[in-house]
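# Summary of structural features
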Amino acid sequence: MELEYNNTCKAVITDSRRISPLETDEVRAIDLRIDEAAFRFREGQSIGVLVPGPHSFGNKEHHRYYSIANAREASIEDEVNIQIIVRRCFYIDDVSGEQYPGVASNYLCDAKPGDSITITGPYKSVFNIPKEPESNMLMIGTGTGIAPFRAFIQHVYKNQGDWRGKVRLFFGDKTGLDLRYMNDVDKDLANYYTEDTFKAYQSISNRYFMNANEALEQTMEDNAEEAWEMLQDPKTYVFIAGSRKTSDLLNKTLAGYAGSTEKWENMKQKLQAENRWSELIYF
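Residues numbered from 1 in each chain as written. Predicted model: local features only at pLDDT ≥ 70, side-chain atom pairs only at ≥ 80, totals over all residues. Heavy atoms only, no water.

## Considering the overall build of the protein chain
For the protein chain, the count of helices and strands is six helices and 13 strands. Residues counted as buried form 51% of the 283 residues belonging to the protein chain. Counting only contacts in the protein chain whose residues sit at least 6 apart along the sequence, the fraction spanning at least 24 positions is 72%. When the accessible surface of the protein chain is split by element, carbon and sulfur atoms take 48% of a total near 14,400 Å². (Helix = DSSP H or I, 4+ residues; strand = E, 2+ residues; numbered from the N terminus. Buried < 20%, exposed > 50% of the residue type's maximum accessible area, 1.4 Å probe, protein only. Contact = heavy atoms within 4.5 Å. Areas by Shrake-Rupley, 256 points an atom, 1.4 Å probe, with all protein chains shown as cover.)

Right under this line is the structure:
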């Protein structure tokens, strides 16, 4: 059965640039302009991209979600500009062993400035961003999953201003590519390294067998004491983005500090009940 999307609009690609080294997987920062007066978004939201078909199984369109990686700006008349981070994906068929290109990622990575695409949304965010400038933000993630955090950081320091709470970012990385998602694209993260309230913890592994999640676990273990201290503060909000393993390794690390899995689960349930814990998990 074909799905019908009634919240569609057109977006024009204004820029598309590779942000990953040539010897690694291709990752692109893609800027979109939306000339639609009704389109409004908040930090942490996502859009959908509709790829025209026909596709496998007779589908007319292919739909894929992407997090918005920038904060809101003062609009120019009815124009809205957003950015998404896209990794060009390929999949191996379990039966035939053949490699197939990811439909949406290759469609977007191949698109050129000036091309028009159809998007849906924006969609409600799972993240509950605090409004009080005394709030602490503890962000944990891997890969392109950390793209929304860049929007959060831009928002609290540029748009909201006078942020007095601690902002801590933990992200694992194998090659340094995660830092490109946050900083090398527009050099914006570097603006906050000297802020008294902001600090980013990054683990870049020089061991070829360590993946991004393992590097993140190392980062958390090396700096878990500060994260644990922040969790004792009722003004701390936790944001997690990445794979299920990202969430699992965080729970493992914090259960060790709590003294047992049961004690940590009770504390986590309290954070969830107070809307201070939110996760965006990619499968």
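Following the structure, the description resumes.
## Quick look at the sheet that holds strand β4 (residues 61-67)
What the six strands build is an open sheet, ordered β4-β3-β8-β1-β2-β5; its pairing is antiparallel. Only two strands of the sheet have a single partner each, and these edge strands are β4 and β5 (79-87). Neighbour to neighbour, the strand axes of the sheet diverge by 40 degrees on average, direction disregarded. Sheet analysis places strand β2 (residues 27-35) next to β5, joined by nine bridges and oriented antiparallel. (Pairing = 2+ DSSP bridges. Axes fitted to C-alpha atoms, helices over the stretch in contact; angles between N-to-C directions.)

## Overview of the nonpolar core
Core analysis: the biggest nonpolar cluster contains 23 residues, and L32, F39, I47 and I82 have the highest contact counts within it. Listed by contribution, the elements that provide at least two residues to this core are β1 (8-18), β2, β3 (46-52), β5, α1 (103-110) and β8 (116-123). Looking at this core, the element that brings in the most residues is β5, giving four residues. Setting aside its immediate chain neighbours within four residues, I82 contacts I30, D31, L32, I34, F39, F41, I47, I68 and N70. In this structure, L138, L254, W264 and L271 belong to the second largest nonpolar core, which totals 19 residues. (Core = buried A, V, L, I, M, F, W, Y, C linked by side-chain atoms within 4.5 Å.)

## A few points about the confidence of the model for the protein chain
In the predicted model, the protein chain carries a mean pLDDT of 80, and 79% of its residues have values of at least 70. Of all the helices and strands in the protein chain, helix α3 (residues 177-184) carries the lowest mean pLDDT, 47, while α1 carries the highest, 95. For residues 174-181, every residue scores under 50 in pLDDT, and the model assigns this stretch 37 contacts once sequence neighbours within four places are set aside. For residues 203-209, every residue scores under 50 in pLDDT, and the model assigns this stretch 16 contacts once sequence neighbours within four places are set aside. (pLDDT = per-residue confidence, 0-100.)

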